[in-house]
Amino acid sequence: MRFTKMEGCGNDYIYINGFEEEIKHPDLLAVAMSERHFGVGADGLVLILPSQQADFRMRMFNLDGSEGEMCGNAVRCIGKYVYERGMTQKDRITLETLGGIKTLQLHIQQKEVIAVTADMGEPILEAEQIPVRSERSLVIGEQMQILDRMFSFTCVSMGNPHAVTFVEDIAGLDVEKYGSIAETAPIFPKKANIEFVQVIDRTHLSMRVWERGSGETLACGTGASAALVAAVLNGLCERKVRIQLLGGTLEVEWRESDHHIYMTGPARFSFDGVWLR
């Protein structure tokens with residue numbers, strides 16, 4: 001079975017062309033291939049599939065085999081993959097995900113996709129739809145005690161659930177210690193991605209993320225989108241910012257015109273391979 005390894009800001013996935021390969025148990029395959037010692041090594045597995053509603057369809061699986069609704073870095077990589085592998089000649093494509101249909105604008109120079117802008121859609125703020133258990137309809141500044149620290153979370157869905165908290169210094173923060181517990185907190189019925197965000201200035205945020213089902217990753221596109229929304233709701237930044245992640249930088253904008261989030265960032269090929277098991 002042929003596969004391609006790609007990464008966006010260090011958020012690396014294994015991509016399989018579902019137009020050519022048949023995958024019967026993608027959840028089990030994700031676990032086996034994502035393992036970094038005995039497998040290929042990745043944050044998860046992404047299938048590129050036909051769609052009856054859009055140009056292409058994506059299914060993504062975390063390294064623990066759980067299926068996720070959306071991945072912002074993965075959708076950018078799919079845009080590069082389908083264009084540079086000759087599956088489309090369009091520079092604007094639609095992609096069906098479990099988090100809704102996303103539109104990708106490909107930035108092309110000399111037949112190479114150098115960046116992709118993804119329309120991430122409108123953020124979902126209603127607690128029941130995120131979902132998060134709360135007596136408030138909007139969860140902004142929800143206090144949560146995690147071990148020896150108190151955190152204040154703002155919850156957002158970008159097609160998948162996020163809980164964003166602002167800290168003074170993320171460099172020395174034990175993300176695994178606090179993120180692993182927050183992910184599975186009882187208030188999150190479907191678990192949650194946990195973003196720890198430091199405000200550098202009003203146009204610059206720095207973020208580390210504990211991803212649901214994957215642990216700490218070098219980047220998370222939906223998490224960066226959620227971080228911007230949370231920062232705006234808390235009056236901490238402008239509606240267009242640069243977000244520095246461990247694996248690179250994303251430009252994210254929450255437009256007032258249509259209330260959509262637009263995320264621009266890189267997508268890169270790492271290598272092609274053949275899985276023999």
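Before reading further, recall that the structure is shown in the block above.
Please read all numbers here as calculations on a predicted model, not as lab measurements.

On inspection of all chains with the given rule, the structure shows six aromatic pairs. Between Phe 19 and Phe 56 the ring centres are 5.9 Å apart and the planes differ by 70°, which places this aromatic pair in the edge-to-face class. With a gap of 37 residues between them, Phe 19 in the loop between strand 2 (11-17) and helix 1 (26-34) and Phe 56 in strand 4 (residues 56-62) connect regions that are remote in the sequence. With relative accessibility at 42%, the residue Phe 19 sits in the partly exposed group. Each residue in the set Phe 151, Phe 153, Tyr 178 and Phe 196 is aromatic and connected to the rest through ring pairs, giving one cluster. One residue, Arg 85, lies across the ring of Tyr 81, its end atom 5.2 Å from the ring centre. Seen from the ring of Tyr 178, Arg 149 lies directly overhead, with NZ or CZ sitting 5.7 Å from the centre.

On to helix 4 (residues 221-233). Helix length check: helix 4 (13 residues) gives 19 Å between terminal C-alpha atoms against 18 Å at 1.5 Å per residue, within 8%. Extensive coverage of helix 4 is indicated by the burial of twelve of its 13 residues. Those residues of helix 4 not exposed but buried are Gly 221, Thr 222, Gly 223, Ala 224, Ser 225, Ala 226, Ala 227, Leu 228, Val 229, Ala 230, Ala 231 and Val 232. Gly 235 occupies a position one or two residues after helix 4 and carries a positive phi of about 70°.

A separate point is the side chain of Asn 193. Along the chain, the position of Asn 193 falls in strand 12 (residues 193-201). A residue is classified by how much of its surface remains accessible, and Asn 193, at 3% relative accessible area, is buried.

Ranked by size, the top nonpolar core spans 54 residues in total, and within it Tyr 15 and Met 58 carry the most contacts. If one sorts the elements of this core by residue count, helix 4 sits on top with eight residues. Beyond its immediate chain neighbours, meaning those up to four positions away, Tyr 15 contacts Phe 3, Thr 4, Met 6, Val 46, Ile 48, Asn 73, Ala 74, Cys 77 and Ile 78. Of all hydrophobic cores here, the second largest spans 22 residues; its members include Leu 173, Tyr 178, Ile 194 and Trp 210.

As a further point, take helix 3 (residues 175-183). Where helix 3 is concerned, the buried positions are Val 175, Tyr 178, Gly 179, Ala 182 and Glu 183. End-on view of helix 3: buried residues confined to an arc of 130°, all on one side of the axis. On the buried face of helix 3, the contacting elements are strand 9 (142-146), strand 10 (149-157), strand 12, strand 13 (204-211) and strand 14 (215-217).

Let us now look at unusual backbone geometry. The omega torsion across Ile 130 and Pro 131 is -5°, close enough to zero to call that bond cis. Relative to the helices and strands, Pro 131 resides in the loop between strand 8 (112-121) and strand 9. One non-glycine residue, Lys 111, lies in the positive phi region at around 65°. Structurally, the position occupied by Lys 111 is in the loop between strand 7 (100-109) and strand 8. At Leu 147, a residue that is not glycine, the phi angle is positive and equals roughly 55°. Note that Leu 147 resides in the loop between strand 9 and strand 10.

Rules of the game
- The residue numbers shown here count from 1 along each chain, following its written sequence.
- For a predicted model such as this one, the threshold for reporting local features is a pLDDT of at least 70, and the threshold for listing and counting side-chain atom pairs is 80 or more; totals across whole chains, interfaces and linings nevertheless cover every residue.
- Note that the side-chain values use all heavy atoms of the structure and ignore hydrogens as well as water.
- Any pair of Phe, Tyr and Trp rings, taking the six-membered ring for Trp, is counted once the centres come within 6.5 Å. Such a pair is stacked with planes under 30 degrees apart, edge-to-face with planes over 60 apart, and tilted for the rest.
- Only DSSP runs of H or I reaching four residues or more are called helices, and only runs of E reaching two or more are called strands; each is numbered from the N terminus.
- Exposure categories follow from relative accessible area, calculated using a 1.4 Å probe and restricted to protein chains: below 20% of the type maximum is buried, above 50% is exposed, and the middle band is partly exposed.
- The criterion for a charge sitting over a ring is simple: Lys NZ or Arg CZ within 6 Å of the ring centre, and within 35 degrees of the ring normal.
- By definition here, a helix of n residues has an expected span of 1.5 Å times n minus one.
- For the purposes of this section, nonpolar cores are sets of buried Ala, Val, Leu, Ile, Met, Phe, Trp, Tyr and Cys residues that join through side-chain atoms within 4.5 Å.
- In this description, contact between two residues means that some pair of their heavy atoms is separated by no more than 4.5 Å.
- Note: the arc covers the axis-to-C-beta directions of the helix.

In short, geometric facts, not functional conclusions.
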